[in-house]
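Inside the fold
Listed below, chain by chain, are the residues.
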Amino acid sequence: MIVALYILIALVVVGAVLYLLHRREEASGGMESDGKVDDTSSPEDGEECCGMHITCEKDSLLASVSDSIEYYDDEELDRFRGVAPDDYNDDAVEEFRNVLLTLLPEDIAGWARSIQLRGIELPTPVRDELLLIVSEARRSRSVPEM
């Protein structure tokens, strides 16, 4: 009976500690009230981008690091200059997706900057795939190999 009482006390203490840690994290703005991580927040002014927020991913990918336009065998995409992201037909989306998926991993961020400098907006599904690929690449680089 005494052992069961010790186990119950330990569970209550661990639960209280986890609750306090959760409340502290929620108060600091890192989590939404439903327990999901807030991926749309951006770092405070003066903080460096950690690569863990969607807005940070977009800014770091699309920031005009250089003003020179580099082509990745995708000159045919210039005809989409000025087209809104939601105005592409299925064939155009597949054309962008084909270029994205044939790029070398180290060329993807440069391609995204080049597309922006050329005045081309990516179709929404391709932009989402681009952000996913980049975030996965960053995550795999940040996790040490076992």
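Each remark here, short or long, concerns the structure printed above.
Structural notes, computed from the coordinates. Small disclaimer: the values here were computed from a predicted structure and weren't measured.

Across its full length, the protein chain holds five helices and zero strands. Listed by position from the N terminus, the elements making up the protein chain come as α-α-α-α-α. Considering the protein chain as a whole, with its 146 residues, one finds that 24% of them fall into the buried category. Summing over all exposed atoms, the protein chain offers an accessible surface of approximately 10,400 Å²; the carbon and sulfur share of this is 57%.

Attention now moves to unusual backbone geometry. With a phi angle near 55 degrees, Asp-73 is a residue other than glycine that sits in the positive phi range. With respect to the helices and strands, Asp-73 occurs in the loop between helix H2 (54–62) and helix H3 (90–102). Asp-73 gets classed as exposed once you look at its relative accessible area, which sits at 67%.

So, on to the nonpolar core. With 19 residues, the main nonpolar core has Leu-77, Phe-96 and Trp-111 as its most contacted residues. Those elements giving two or more residues to this core turn out to be H3, helix H4 (108–117) and helix H5 (124–142). At five residues, H3 tops the list of elements feeding residues into this core.

Looking now at the pattern of salt bridges. As enumerated under the stated definition, the model contains seven salt bridges in all. The partner of Arg-97 in a salt bridge is Glu-94, with the nearest N and O atoms 2.4 Å apart. One end of the pair is Arg-97 and the other is Glu-94, both in helix H3 and three residues apart, which spans about a single turn. Here Arg-97 falls in the buried class, since its relative accessible area comes to 17%. For Glu-94, a relative accessible area of 44% puts it in the partly exposed group. Sharing partners across several salt bridges, the network here consists of Asp-74, Asp-78, Arg-81 and Arg-118.

Rules used in this analysis
- For every chain, the first residue of its written sequence is number 1, and the numbers climb from 1 along that sequence.
- Per-residue local features are limited, in this predicted model, to residues with pLDDT of at least 70; the limit for side-chain atom pairs, both in listing and counting, is 80 or more; totals at the level of whole chains, interfaces and linings are taken over all residues.
- Side-chain numbers here rest on the full set of heavy atoms in the structure, without hydrogens or water.
- Under the scheme used here, helices are H or I runs from DSSP no shorter than 4 residues and strands are E runs no shorter than 2 residues, and both carry numbers assigned from the N terminus.
- Note on exposure labels: buried denotes an accessible area under 20% of the residue type's maximum, exposed denotes more than 50%, and partly exposed covers the range between, all computed with a 1.4 Å probe on protein chains only.
- Per-residue and other accessible areas follow the Shrake-Rupley method at a 1.4 Å probe size, with only the shown protein chains counted as cover for residues.
- In plain words, nonpolar cores are sets of buried Ala, Val, Leu, Ile, Met, Phe, Trp, Tyr and Cys residues tied together by side-chain atoms within 4.5 Å.
- Within this document, salt bridges are pairs made up of a side-chain nitrogen of Lys or Arg and a carboxyl oxygen of Asp or Glu, the two lying within 4 Å of each other.

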